[in-house]
Protein chains: 2
Amino acid sequence: MKKTSAETIAKVECLFKSYMKEEKLRCTQKRLSVLREIYRSNTHLDADELFVRLREQGVGISRATVYHTLDLLFRYNLVTKIDLGHKHTHYEKSWGVADHLHIICLKCGKVSEATSEDLAGMMEKLCTGHGYSLGSFSLQLFGECLDKEACAQRVKEAHKEKA
Amino acid sequence: MKKTSAETIAKVECLFKSYMKEEKLRCTQKRLSVLREIYRSNTHLDADELFVRLREQGVGISRATVYHTLDLLFRYNLVTKIDLGHKHTHYEKSWGVADHLHIICLKCGKVSEATSEDLAGMMEKLCTGHGYSLGSFSLQLFGECLDKEACAQRVKEAHKEKA
DNA sequence: CTCCTTGCAAAGCCTTTGCATTTAC
DNA sequence: GTAAATGCAAAGGCTTTGCAAGGAG
């Protein structure tokens, strides 16, 4: 997924601050550091990866706070939750990337990213048509690699790793 | 979601049998009963609901087998996994319903179903464009009810239930 | 008759929670 | 100063797994 510009990150932070103010919640350094790390990253992360990255950067934060914050960011549509067919939830930035989806191979587990311009508009329409306003969406396509050879190769390698 | 006709269920069973044969796996009664129950149902179920329903029908089955079977059915694109923002995964039939999605209110948790005719074709194109064949897809829209009053009412009721 | 499937119970593991402490405003 | 946020550790709860018994092909 595309890199997020510094200006965009600033905008998202600003947005987050205003949300917090509205709801009489607090804009703490830890919350901001989670938000920033997600927007600096160009891929999907799980809660633990996020926790580790932040600790490596010297941010003193606990898993509990990471989970709390992710939930908060999700409720305000600043991050998306994704189920990539692994055992746990992944998260990624969502503001300014409303055209983003994942394609997952059910055989080898390969994940590709795709974008579609028409998507956002379509989702918007569906939402309003059913009496909702759209915050974010989560779209995963499950299928199989067309390149059977490379796919089988990846399956083999995954087996090796396990042994 | 729409009711599945008896003929369609028969088709799906047949499909499942052929998959099992191809892969030298076994088409057991327990697996069939899970498949049937999902296709008979017109809504999303979680693993435990499925387990309870089957037991009520006198099917002697264990949770372990339910989980195993769901995973199997998912890999062969006969069921879809959905994250409705609750704590655990939901499953629903997917064969013959490739135009189905959920809209979830982040405030009150209300879930609506929607269908879109263009969706399947669009997903198909995206998949092949990225070197995959499409099996199934999972699409959730997260937003907020436009009817703020009814939404607030549901939030209130949910609080009551907890207490 | 062989190998796959099932079930039980236990383990695993991500995620949540209670409560005391710290901190934003 | 007050209500919210944080962290720790422990609990929670869905899901997976090991292994022995059962069943499909």
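Just above sits the structure.
No experiment lies behind these values; they were computed from the predicted model shown.

Enquirer: For this particular structure, what's the right way to read the overall build of chain A?
Expert: Helix and strand counts for chain A stand at six helices and six strands. Beginning at the N terminus, the succession of helices and strands in chain A can be written as α-α-β-α-α-β-β-β-β-α-β-α. Seen along its three principal axes, the alpha-carbon backbone of chain A occupies a region of about 55 × 45 × 25 Å. The buried share among the 163 residues of chain A stands at 42%. In chain A, 52% of the contacts between residues at least 6 apart in sequence involve partners at least 24 apart. Carbon and sulfur atoms make up 51% of the accessible area of chain A, which totals about 8900 Å².

Enquirer: Is there a simple way to think about the protein's contact with DNA strand D in this case?
Expert: Surveying the vicinity of DNA strand D reveals 17 residues, the closest of which are Thr28, Lys30, Arg31 and Thr65 of chain A together with Tyr67 of chain B. At 2.6 Å from a phosphate oxygen of DNA strand D is found a side-chain nitrogen or oxygen belonging to Lys30 of chain A. Within the contact set of DNA strand D, a phosphate oxygen lies 2.6 Å away from a side-chain nitrogen or oxygen of Arg31 of chain A. With three residues, the single largest contributor to the surface near DNA strand D is helix α4 (residues 63-75) of chain B.

Enquirer: Looking at this structure, how should I read the side chain of Ser112 of chain B?
Expert: Tracing the chain through its elements places Ser112 of chain B in strand β5 (residues 111-115). With a relative accessible area of 12%, Ser112 of chain B lands in the buried category. A polar side-chain atom of Ser112 of chain B sits 2.7 Å from a polar atom in the side chain of Tyr132 of chain A. Ser112 of chain B has contacts with Tyr132 of chain A together with Leu101, His102 and Ile103 of chain B, leaving out every residue within four places of it along the chain.

Enquirer: Which parts of the structure should I look at to understand the side chain of Thr4 of chain B?
Expert: All names here are of chain B. Assignment of secondary structure puts Thr4 in the segment before α1 (6-22). A relative accessible area of 14% means that Thr4 is categorised as buried. A polar atom in the side chain of Thr4 sits 3.4 Å from the backbone oxygen of Tyr39. Polar contacts involving the side chain of Thr4 include one to the side chain of Lys93, which spans 2.6 Å. If near-sequence neighbours (up to four positions away) are discounted, Thr4 is found in contact with Ile9, Tyr39, Asn42 and Lys93.

Enquirer: Hey, could you run me through helix α2 (residues 29-40) of chain B in this one?
Expert: Side chains three or four residues apart in an α-helix point the same way, a direct result of the helix having 3.6 residues per turn. All names here are of chain B. With 12 residues, α2 ought to run about 16 Å at 1.5 Å a step, and its terminal C-alpha atoms sit 16 Å apart, in line with that. Within the span of α2, buried status applies to Leu32, Ser33, Val34, Leu35, Glu37, Ile38 and Tyr39. Those residues of α2 hidden inside the fold are in contact with α1, α3 (47-56), α4, β2 (79-82) and β3 (90-93).

Enquirer: Looking at this structure, I do not really get the protein's contact with DNA strand C. What am I missing?
Expert: Around DNA strand C sit 17 residues, and of these Tyr67 of chain A together with Thr28, Lys30, Arg31 and Thr65 of chain B come closest. Near the protein, meaning within 4 Å, the atoms of DNA strand C are sugar or phosphate in a fraction of 77%, with bases accounting for the rest. The contact in question runs from a phosphate oxygen of DNA strand C to an N or O atom on the backbone of Thr89 of chain A, over 3.5 Å. Counting only elements with at least two residues in the surface near DNA strand C, the list comes to α4 (63-75) of chain A together with α2 and α4 of chain B. Counting residues per element, the surface near DNA strand C draws most heavily on α4 of chain A, which supplies three residues. Here the residues of the surface near DNA strand C sort into six nonpolar, seven polar and four charged.

Enquirer: Would you mind showing me how to read the sheet that holds strand β1 (residues 45-46) of chain A here?
Expert: Sheets are built from strands that pair by backbone hydrogen bonding, the pairs being arranged parallel or antiparallel. Residue and element names in this part refer to chain A. An order of β1-β3-β2 is seen for the three strands of this open sheet, with the pairing classed as antiparallel. Each edge of the open sheet is held by one strand with a lone partner, namely β1 and β2 (79-82). Strand direction decides the pairing type here: β2 and strand β3 (residues 90-93), joined by four bridges, are antiparallel. Residue pairing in the sheet places Val79 in a bridge with Lys93 of β3. Those strands touched by α4 are β2 and β3, and its axis lies near 110° from that of β2.

Enquirer: What is the right way to read the pairing of strand β4 (residues 100-105) of chain B from this model?
Expert: Regular strands show a simple pattern: their side chains alternate between the two faces of the sheet. All names here are of chain B. Of all six residues in β4, six are buried, a share of seventy percent or more. Residues His100, His102 and Ile104 of β4 are buried on one face, and the alternating residues Leu101, Ile103 and Cys105, pointing to the opposite face, are buried as well. One ladder, built from five bridges, connects β4 with β5; its direction is antiparallel. What sits directly across from His100, in β5, is Thr115. The loop that links β4 with its antiparallel partner β5 comprises five residues; one of these, Gly109, has a positive phi angle of about 85°.

Enquirer: Teacher, can you tell me more about the packing of aromatic side chains here?
Expert: Where two aromatic rings form a pair, the distance of their centres and the angle of their planes describe that pair. The full count for this structure, using the stated rule, is four aromatic pairs over all chains. Arranged with centres 5.0 Å apart and planes meeting at 75°, the rings of Phe142 of chain A and Phe74 of chain B form a pair that is edge-to-face. With one member in each of two chains, Phe142 of chain A in strand β6 (residues 132-145) and Phe74 of chain B in helix α4 form a pair that bridges those chains. In this pair, the class of Phe142 of chain A matches that of Phe74 of chain B, namely buried.

How each quantity is defined
Residues numbered from 1 in each chain as written. Chains lettered and ligands numbered in written order. Predicted model: local features only at pLDDT ≥ 70, side-chain atom pairs only at ≥ 80, totals over all residues. Heavy atoms only, no water. Helix = DSSP H or I, 4+ residues; strand = E, 2+ residues; numbered from the N terminus. Buried < 20%, exposed > 50% of the residue type's maximum accessible area, 1.4 Å probe, protein only. Contact = heavy atoms within 4.5 Å. Areas by Shrake-Rupley, 256 points an atom, 1.4 Å probe, with all protein chains shown as cover. Near = heavy atom within 4 Å. Polar contact = N/O pair within 3.5 Å; in protein donor to acceptor, adjacent residues only side chain to side chain. Expected span 1.5 Å × (residues − 1). Nonpolar A, V, L, I, M, F, W, Y, C, P; charged D, E, K, R; others polar. Pairing = 2+ DSSP bridges. Axes fitted to C-alpha atoms, helices over the stretch in contact; angles between N-to-C directions. Phe/Tyr/Trp six-rings, centres within 6.5 Å; stacked < 30°, edge-to-face > 60°.

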